[in-house]
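# Structural overview for review
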Amino acid sequence: MMRRELEARRLARHTDPTTSHEAAAKVDNFVAGHEAKIYAFLSAIANNPTEAGANYREIAHATALEAVAVGRRLIGMERRKLITRRRNEVTGKYLARDG
């Protein structure tokens, strides 16, 4: 059995309707689309010296994605080392700002 099929089975129970299994099979493409939008935005601002990164709300606004979806994608992207959260050089704590 392929990895994608195994992942889809974890997202939908065997008792779920067929539509749930079909949706679970499409999750990879759905997530990839969100991540591509987020990465494109972050890449665009990365080379701008006046920008200091962006928080999840700012990314959501710029990409027209829901803030909660952006937050979820950022976690996965950070785990896979596609992005890095900035830390205070003195305290080591993650930088945060309102937005």
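Use the structure listed above.
Everything quoted here is computed from the prediction, not taken from an experiment. (Residues numbered from 1 in each chain as written. Predicted model: local features only at pLDDT ≥ 70, side-chain atom pairs only at ≥ 80, totals over all residues. Heavy atoms only, no water.)

### Observations regarding the nonpolar core
By size, the foremost hydrophobic cluster in this structure holds ten residues: Ile 38, Leu 42, Ile 45, Ile 59, Ala 60, Leu 65, Val 70, Leu 74, Met 77 and Ile 83. Looking at this core, the elements that each hand over two or more residues are helix H3 (27-46), helix H4 (56-63) and helix H5 (67-79). Ile 38 has contacts with Ile 59, Thr 63, Leu 65, Val 70, Arg 73, Leu 74 and Met 77, leaving out every residue within four places of it along the chain. (Core = buried A, V, L, I, M, F, W, Y, C linked by side-chain atoms within 4.5 Å. Buried < 20%, exposed > 50% of the residue type's maximum accessible area, 1.4 Å probe, protein only. Helix = DSSP H or I, 4+ residues; strand = E, 2+ residues; numbered from the N terminus. Contact = heavy atoms within 4.5 Å.)

### Here's the deal with the packing of H3 against H5
Contact pair H3 / H5: the axes reach a minimum separation of 10 Å and the direction vectors enclose 85°. Viewed along their axes, H3 and H5 adopt a mutual orientation that is roughly perpendicular. Between H3, through Phe 30, Val 31, His 34, Glu 35, Ile 38 and Tyr 39, and H5, the contact on the second element is made entirely by Ala 69, Val 70, Arg 73, Leu 74 and Met 77. Classifying every residue of the contact of H3 with H5 by side-chain character gives eight nonpolar, one polar and two charged. (Axes fitted to C-alpha atoms, helices over the stretch in contact; angles between N-to-C directions. Parallel < 35°, antiparallel > 145°, perpendicular 65-115°, else oblique. Nonpolar A, V, L, I, M, F, W, Y, C, P; charged D, E, K, R; others polar.)

### A look at H4
Of all the positions in H4, only Ile 59, Ala 60 and Thr 63 are classed as buried. Down the axis of H4, the smallest arc covering the buried residues is 100°, so these residues share one side. Between a side-chain oxygen at the N-terminus of H4 and the backbone nitrogen of Arg 57 the separation is 3.0 Å; the capping residue is Asn 55. Ala 64 occupies a position one or two residues after H4 and carries a positive phi of about 65°. (Arc of directions from axis to C-beta. Polar contact = N/O pair within 3.5 Å; in protein donor to acceptor, adjacent residues only side chain to side chain.)

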